[in-house]
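# Per-entry structural report
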Amino acid sequence: VQEEKIFAGKVLRLHVCTMEGAEWLEEVPEDTTVEKLKERCLKHCVPGSLEDPKTVTHHKLIHATSEKVLTDTKTVLEENIQDRDVLLLIKKRAPTLLPKMADVVAEEKRKQEQKAPDKDAILKATANLPARSVDRTVSHHNMRDFQTELRKILVSLIEVAQKLLALNPDAVELFKKANAMLDEDEEDRVDEIALRQLTEMGFPESRAVKALRLNHMSVTQAMEWLIEHADDPSVDAPLPGQAPAEAPAEGAASCAEAAAGPSSEEGGEEAKDELTEIFKKIRRKREFRPDPRAVIALMEMGFDEKEVVDALRVNNNQQNAACEWLLGDRKPSPEDLDKGIDTNSPLFQAILENPVVQLGLTNPKTLLAFEDMLENPLNSTQWMNDPETGPVMLQISRIFQTLNRT
């Protein structure tokens, strides 16, 4: 008996798999090196592969259970491989080649070509172009062209609506209705959902109402205001300029009485004069209310209260726009806001010829909507969504957009 057979190690049966799906059993002594095992496996699955000595080094054996890569110089026993273990024969990935210097230079050059030009490059490229003066304020005003023109249109349409309603034989009744609608002052209307959210947080209802009015019905901003002023002794004081609830009702009653008297007892001219007074009182009820927080913020910058109110009125209560107006050329001026559109212009004629607008001008609610939007442009969305005034505003917008494109 040969000596190596007497002292031969234990024979292990190993299950070998390849990535291509081949499977077989290899029986090897436990003192066999991993490299020798790998050679046997390659002879089995890749015939003629051992002619290239690099084939062995380009493959590796992995223990399936432990996911460990077996070391070529170690034996099966040293790698703690047991009988019936599963091994994977896998070809190693080719190492990533380092890029050539020429390729690196070409890539850098490509990136530089795609890079946006800097200021100096732009000035150099545009040096021979004719200079044009582009004023950012002009482009800003162009964006607001519709709002500016809409205000002029409203001023002129209010005059037309007043004349049409004054000629109506039921003018007194119409304006009794108008005054009743006007008594439902928007300052008394609060978003019920927003109010409920604040009261459910534990804030008193009166304070929540005040906070919502100061913050344009924004729940988040109102909550911040309530937290900031929780210990303020004047937190429950009424808002500045807020008239008692009885005042509008008394004014409405006096308007209705004034309108009723002359229309029933005196001539048409006196009735028209009385209706004109009603129009003036309606407009006073709808006078512009500046945002108190914006007024305080702008006055803290050193501006006078009157000019701050003018700035907010011109810029629809937008604090940032009002600040730019105060620091700029202050155009349009507050006086420009009361100027109407040219009544002979194609735009105004097209608006007056529209049947929907004509019908809307005979409705006192349309007049109230025009007055409200004139003094409080932020309320435009409310009137655009109103079933009576919305169609009129939609037609005005469409006519303006159509003529503006031609």
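Residues numbered from 1 in each chain as written. Predicted model: local features only at pLDDT ≥ 70, side-chain atom pairs only at ≥ 80, totals over all residues. Heavy atoms only, no water.

Here we come to the overall build of the chain. A count of helices and strands for the chain gives 21 helices and five strands. Restricting the contact set of the chain to residue pairs at least 6 apart, pairs at least 24 apart contribute 59%. Here the chain displays about 26,000 Å² of accessible surface, and carbon together with sulfur accounts for 53% of that area. (Helix = DSSP H or I, 4+ residues; strand = E, 2+ residues; numbered from the N terminus. Contact = heavy atoms within 4.5 Å. Areas by Shrake-Rupley, 256 points an atom, 1.4 Å probe, with all protein chains shown as cover.)

Attention shifts here to the pairing of strand E2 (residues 23–29). On E2, burial follows the alternation: Trp24, Glu26 and Val28 on one face are buried, whereas Glu23, Leu25, Glu27 and Pro29 on the facing-out side are not. Pairing between strand E1 (residues 11–18) and E2: seven bridges, direction antiparallel. Bridging from a neighbouring strand, Val11 pairs with Pro29 of E2. (Buried < 20%, exposed > 50% of the residue type's maximum accessible area, 1.4 Å probe, protein only. Pairing = 2+ DSSP bridges.)

On the secondary structure map, Leu61 appears in strand E3 (residues 59–63). Put simply, Leu61 and Leu89 are 28 residues apart on the chain and 4.8 Å apart in space, counted from C-alpha to C-alpha.

A separate point is the confidence of the model for the chain. Model confidence for the chain is summarised by a mean pLDDT of 75, while 73% of its residues fall at 70 or above. Contacts from residues 134–144, a stretch scored under 50 in pLDDT, to residues over four places away or in other chains number four contacts. For residues 243–267, every residue scores under 50 in pLDDT, and the model assigns this stretch 23 contacts once sequence neighbours within four places are set aside. (pLDDT = per-residue confidence, 0-100.)

Within the secondary structure layout, His63 lies in strand E3. Residue classification places His63 among the buried positions, given a relative accessible area of 10%. Apart from residues lying up to four places away in sequence, His63 is in contact with Lys68, Leu70, Ile81, Asp85, Val86 and Leu87.

The next thing to look at is the sheet that holds E3. One key point about sheets: their strands pair by backbone hydrogen bonds, in either a parallel or an antiparallel sense. Pairing is mixed in the open sheet, where five strands are placed in the order E2-E1-E5-E3-E4. The open sheet has two free edges, formed respectively by E2 and strand E4 (68–69), since each of these has just one partner strand. Sheet contacts for helix H2 (residues 34–45): E1, E2, E3 and strand E5 (86–91); angle to E2, the most-contacted strand, approximately 145°. (Axes fitted to C-alpha atoms, helices over the stretch in contact; angles between N-to-C directions.)

Here the focus is helix H16 (residues 319–327). Buried residues of H16: Ala322, Cys323, Trp325 and Leu326, and no others. For H16, the arc enclosing every buried residue in end-on projection is 160°, short of the 170-degree limit, so these residues lie on one face. Residues of H16 that are exposed and angled more than 90 degrees away from the buried face: Asn320, Glu324 and Leu327. Elements that come into contact with the buried residues of H16 comprise helix H14 (292–299) and helix H15 (305–314). (Arc of directions from axis to C-beta.)

At a closest axis distance of 10 Å, the pairing of H14 and H15 adopts a crossing angle of 130°. Judged by the inter-axis angle, H14 sits oblique to H15. Between H14 and H15 lies a crossing of right-handed hand. Between H14 and H15, the residues in contact are Ala294, Val295, Leu298 and Met299 and Glu305, Val308 and Leu312, respectively. In terms of residue class, the contact of H14 with H15 is built from six nonpolar, no polar and one charged. (Parallel < 35°, antiparallel > 145°, perpendicular 65-115°, else oblique. Left-handed = near helix turned anticlockwise from the far one by under 90°. Nonpolar A, V, L, I, M, F, W, Y, C, P; charged D, E, K, R; others polar.)

Here we come to the packing of helix H9 (residues 192–200) against helix H10 (residues 205–214). Put simply, H9 and H10 touch, their axes get as near as 9 Å, and they point 130° apart. Judged by the inter-axis angle, H9 sits oblique to H10. Crossing of H9 over H10 shows right-handed handedness. Each of Ala194, Leu195, Leu198 and Thr199 in H9 lies in contact with H10, whose residues at this interface are Glu205, Ala208, Val209 and Leu212. In terms of residue class, the contact of H9 with H10 is built from six nonpolar, one polar and one charged.

Looking now at the pattern of salt bridges. Side chains that differ in sign of charge can pair as their charged atoms come close. This structure, assessed with the given rule, holds ten salt bridges. Here Glu107 and Arg110 are joined by a salt bridge, their closest N and O atoms 2.5 Å apart. Residue Glu107 and its partner Arg110 are both found in helix H4 (residues 101–114); the two are separated by three residues, about one turn of the helix. A salt bridge links Glu307 to Arg330, with the nearest nitrogen and oxygen atoms 2.9 Å apart. Note that Glu307 is positioned in helix H15 and Arg330 in the loop between H16 and helix H17 (346–353), a separation of 23 residues in sequence. Assessed through its relative accessible area of 29%, Arg330 is described here as partly exposed. Residues joined in a network through salt bridges with shared partners are Lys365, Asp386 and Glu388. (Salt bridge = Lys/Arg side-chain N within 4 Å of Asp/Glu carboxyl O.)

Glancing now at the environment of Asp83. Within the fold, Asp83 resides in the loop between E4 and E5. It is 9.3 Å that separates the C-alpha atoms of Asp83 and Glu30, two residues lying 53 residues apart in sequence. For Asp83, the residues in contact, after removing those within four places along its chain, are Leu12 and Arg13.

Attention now moves to the nonpolar core. Judged by nonpolar contacts, the single largest core of 25 residues is most densely connected at Ile153, Leu157, Leu347, Ile351, Phe370, Met373 and Ile396. Put simply, the parts of the chain that give this core at least two residues each are helix H7 (145–167), H17, helix H18 (355–361), helix H19 (364–375) and helix H21 (390–405). If you tally residues by element for this core, the top one is H7, at eight residues. Excluding anything up to four places from it in sequence, Leu157 contacts Phe348, Ile351, Leu352, Leu361, Phe370 and Ile396. Within the second largest apolar cluster, 16 residues are counted, among which are Val34, Leu37, Val56 and Leu70. (Core = buried A, V, L, I, M, F, W, Y, C linked by side-chain atoms within 4.5 Å.)

In this structure, Glu67 takes a positive phi of about 60° despite not being glycine. Considering the arrangement of structural elements, one finds Glu67 in the loop between E3 and E4. A positive phi angle, near 70°, is found at Arg84, a position not held by glycine. Mapped onto the elements of the fold, Arg84 is located in the loop between E4 and E5.

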